[in-house]
Amino acid sequence: MTYFPEEVVEHIFSFLPGQHDRNTVSLVCKVWYEIERLSRRTVFVGNCYAVRPERVVLRFPNMRALTVKGKPHFADFNLVPPDWGGYAAPWIEAAARGCVGLEELRMKRMVVTDESLELLAKTFPRFRALILISCEGFSTDGLAAIASHCKLLRELDLQENEVEDRGPRWLSCFPDSCTSLVSLNFACIKGEVNAGSLERLVARSPNLRSLRLNRSVPVDTLSKILMRTPNLEDLGTGNLADDFQTESYIRLALAFDKCKMLRSLSGFWDASPFCLPFIYPVCAQLTGLNLSYAPTLDSSDLTKMISHCVKLQRLWVLDCIADKGLQVVASSCKDLQELRVFPSDFYIAGYSPVTEEGLVAISLGCQKLSSLLYFCHQMTNAALITIAKNCPNFTRFRLCILEPGKPDAMTNQPLDEGFGAIVRECKGLRRLSISGLLTDKVFMYIGTYAKELEMLSIAFAGDSDAGMMHVMKGCKNLRKLEIRDSPFGDAALLENVAKYETMRSLWMSSCNVTEKGCQVLASKMPMLNVEVINELDENNEMDENHGGLPKVDKLYVYRTTAGGRDDAPNFVKIL
Amino acid sequence: MAEGLGFEETELRLGLPGGGNDDASARGSGKRGYAETIDLKLKLEPAPAVGEDEVANEGIAAATAEQLSSSAAADGKMKRSPSQTSVVTSDPEKPRAPKAQAVGWPPVRSFRKNILAAQTEKGDRSAALVKVSMDGAPYLRKLDIGACNSYDELSMALEKMFSTMKESSCVPTYEDKDGDWMLVGDVPWEMFVSSCKRLRIMKGSEAIGLGGKCKIVS
């Protein structure tokens with residue numbers, strides 16, 4: 001292939017499906033490395049500290065789309081202290097210096113400032129897509145900058161970010177000349193927006209396919225908008241509370257009737273059950289439905305609606321749906337691929353209307369199910385074994401029994417056998433979260449059978465180091481391992497140190513790892529950053545000694561070419 | 001509090017699993033009492049519990065086997081298995097038993113938690129006006145049950161409305177979403193608020209046998 005002109009080689013590379021393959025071809029020889037790097041358009045950085053931004057920009061000067069992820073997953077649950085890191089600024093600044101052709105930026109769990117957003121907006125003339133997920137540190141002023149300066153903006157997608165509200169001005173900053181919007185999601189913005197500005201923006205965006213409103217947008221505005229967007233495919237409603245008059249209901253129904261292309265529905269903020277029947281006409285065409293922010297809807301409301309959704313592939317609900325509601329889902333939604341059932345009550349000693357029975361019913365009715373997130377208060381081995389047999393196609397299986405360490409509700413046994421069945425039957429399993437009472441045995445099963453597993457989340461499980469060792473030994477494709485409140489210590493940590501270089505990261509909190517163990521790890525593996533995070537907490541009983549050495553509260557280990565980071569706060573020690 | 005109405009059973013308390021709650025209500029209705037709780041004292045207790053629990057376990061295991069057809073969760077007799085019991089000890093190899101609400105547990109994004117908290121504060125509360133009738137009273141009243149946060153507060157609010165409640169034996173009942181008349185106090189408070197459509201205070205002969213005195217909070 002070296003006899004081909006570069007353009008031909010480049011063209012051949014363009015058929016490579018993913019970054020992984022492109023990384024591989026770039027290792028073949030210097031020529032290929034050069035061709036590949038100059039033609040790379042999409043770059044994915046799974047851990048912002050794994051590589052320096054300057055190096056990425058230097059290597060891929062022609063990149064158009066960049067994705068960067070920051071904090072570890074457990075940051076979602078407040079386990080990572082504020083100010084830990086994950087700053088977007090160095091990435092945006094580096095790109096501004098070396099890569100002005102950038103068009104798309106996706107960031108997850110990062111700290112983004114208004115200054116960075118302004119720099120972004122003003123630097124990249126072809127910028128067209130900004131997707132921020134679970135980020136923080138910016139305000140609506142930053143969004144105003146994006147709206148004002150990104151003349152070709154097609155996508156502004158804000159998912160579950162913490163955004164400081166500085167008024168509705170930002171939405172009015174889209175100039176009249178901006179007609180290119182395809183996707184606008186501001187569901188996480190807390191404040192009001194100007195209805196008139198919103199309607200006008202929608203009216204001049206003929207390509208709009210995805211629109212997710214926030215809680216402040218009233219029904220009448222929604223109706224007016226929908227009348228203008230017959231091609232809308234994805235809608236996040238605004239407020240659907242029960243204040244409105246009959247005419248409003250009728251207008252809403254008429255508006256929905258226009259949206260023949262609608263496939264996905266979410267929002268339902270403060271949704272009143274009375275509004276649901278007006279949505280029934282679109283239900284039959286829906287493939288995605290997110291009702292997980294509507295605690296005001298009860299089981300019968302939900303089931304009446306869902307029974308119409310015969311084409312549903314993705315469903316997110318609250319556990320208010322109850323087991324009997326899940327039975328309706330099972331009989332109505334034969335194409336279901338992804339189900340998430342969230343808790344409406346966060347007390348671990350509380351009570352949930354969904355149990356193992358609901359999940360068994362789903363597994364019987366929805367044979368295509370491949371992705372599950374299920375919060376409940378009880379589970380049994382028998383149920384899990386049944387579920388595993390019914391649904392061998394799981395690629396993601398996350399079960400969260402709310403009470404830590406809770407055994408099988410019928411037999412009082414650990415849930416080892418149940419999860420063992422899951423990993424044995426579901427040969428394509430890539431992501432697994434386990435919970436309930438679990439001994440080292442479950443890890444033996446996981447290590448033995450979960451050969452495709454890439455991400456494993458463990459909480460309050462296991463008896464000894466052997467548990468973690470099973471996983472480290474057996475799960476050949478493991479990329480992310482996150483553990484909390486489990487009895488794994490230095491022996492487990494150090495059993496297979498080379499493996500960490502094949503993984504993106506390891507997180508261990510409230511385990512039995514000591515600082516000495518961490519130091520040993522750091523000294524054996526210079527290509528890893530071993531971050532010891534010890535917060536100062538008056539309630540913290542970390543004075544307890546373990547073999548005479550203080551235990552580490554939180555440990556985050558990740559491979560990196562960047563060396564120790566220089567933006568770490570004082571409670572983070574990088575060994 | 002009103003003994004007859006079993007308000008204690010619906011209290012959100014923190015105690016060991018199987019901690020004395022012998023409510024074994026039917027499963028399918030989804031209206032169960034709280035059977036599992038975690039004791040705040042857990043981490044301070046020394047090891048002695050281990051031996052006793054293990055002996056107790058065998059007895060319980062036999063009993064449980066017989067009860068397989070009924071919901072083990074609701075029978076309140078579930079003890080933890082030995083390996084979990086050992087968590088109670090001061091064995092340094094095992095991490096401490098989790099505190100009542102461990103940080104970052106359950107694993108739900110704060111964004112979601114905050115939204116749900118805000119919505120349940122705002123949403124149901126303002127729209128929970130229900131008609132309240134009292135047997136023998138000529139006029140009905142309206143009460144915002146959303147403004148109460150517990151059965152205790154509801155009881156106090158009713159007492160303020162109907163002063164004769166103090167004297168006679170009366171039983172508060174309510175009509176739920178399915179149209180059934182239920183005894184107030186069986187289900188968790190939140191569930192009651194969302195399913196209660198109207199209240200009726202029963203008095204006299206009809207009230208007998210339904211739970212006795214409707215005692216007011218002192």
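- As recorded in an unreviewed UniProt entry, chain B goes by the name Auxin-responsive protein, listed as coming from Brachypodium distachyon.
- We quote the UniProt Subcellular location (unreviewed entry) comment for chain B here in full: "Nucleus".
- Turning to chain B, the UniProt annotation filed under Function (unreviewed entry) states: "Aux/IAA proteins are short-lived transcriptional factors that function as repressors of early auxin response genes at low auxin concentrations."

- The name that an unreviewed UniProt entry assigns to chain A is F-box domain-containing protein, with the source organism given as Brachypodium distachyon.
- One UniProt comment on chain A, placed under Subcellular location (unreviewed entry), says "Nucleus".
- In its Pathway (unreviewed entry) section, UniProt records this for chain A: "Protein modification; protein ubiquitination."

## Thoughts on the confidence of the model for chain B
All names here are of chain B.
- Averaged over every residue, the pLDDT of chain B is 60; the share at 70 or more is 41%.
- No element of chain B has a lower mean pLDDT than helix α3 (residues 82-85), at 36, and none a higher one than strand β4 (residues 181-183), at 88.
- Counting contacts from residues 18-99, a segment whose pLDDT is below 50, to residues more than four positions away or on other chains yields 151 contacts.
- Every residue in residues 212-218 scores below 50 in pLDDT, and together they form 17 contacts with partners more than four places removed in sequence or on other chains.
- This prediction of the complex comes with two scores: 0.76 for pTM and 0.88 for ipTM.

## Considering helix α14 (residues 322-332) of chain A
- Along α14(A), the residues classified as buried are A:Ala322, A:Asp323, A:Gly325, A:Leu326, A:Val329, A:Ala330 and A:Ser332.
- Along its buried surface, α14(A) packs onto α13 (299-306), β13 (314-318), β14 (338-342), α15 (356-365) and β15 (371-376) of chain A.

## Re the pattern of salt bridges
Residue and element names in this part refer to chain A.
- Applying the stated criterion across every chain, the model contains 33 salt bridges over all chains.
- Close ionic contact of Asp-141 with Arg-169 constitutes a salt bridge, the shortest N to O distance being 3.3 Å. Of this pair, Asp-141 sits in helix α7 (residues 140-149) while Arg-169 is found in helix α8 (residues 169-172), placing the two residues 28 residues apart along the sequence.
- Residue Asp-141 is classed as partly exposed on the basis of its relative accessible area of 25%.
- Its relative accessible area of 47% is what places Arg-169 among the partly exposed residues.
- In this structure, the salt-bridge partner of Arg-215 is Asp-270, at a minimum N-O distance of 2.9 Å. Here Arg-215, found in the loop between β9 (210-212) and α10 (219-228), pairs with Asp-270, found in the loop between β11 (264-266) and α12 (280-283); they are 55 residues apart in sequence, far enough to count as distant.

## Focus: the confidence of the model for chain A
- Per-residue confidence for chain A averages 93 on the pLDDT scale, and 96% of its residues sit at or above 70.
- In this model, residues 538-543 of chain A is a region of pLDDT below 50 whose contacts with residues beyond four sequence positions or in other chains number nine contacts.

Each value, and the rule that gives it
Residues numbered from 1 in each chain as written. Chains lettered and ligands numbered in written order. Predicted model: local features only at pLDDT ≥ 70, side-chain atom pairs only at ≥ 80, totals over all residues. Heavy atoms only, no water. UniProt positions renumbered as here; feature names shortened; annotations may be inferred. pLDDT = per-residue confidence, 0-100. Helix = DSSP H or I, 4+ residues; strand = E, 2+ residues; numbered from the N terminus. Contact = heavy atoms within 4.5 Å. Buried < 20%, exposed > 50% of the residue type's maximum accessible area, 1.4 Å probe, protein only. Salt bridge = Lys/Arg side-chain N within 4 Å of Asp/Glu carboxyl O.

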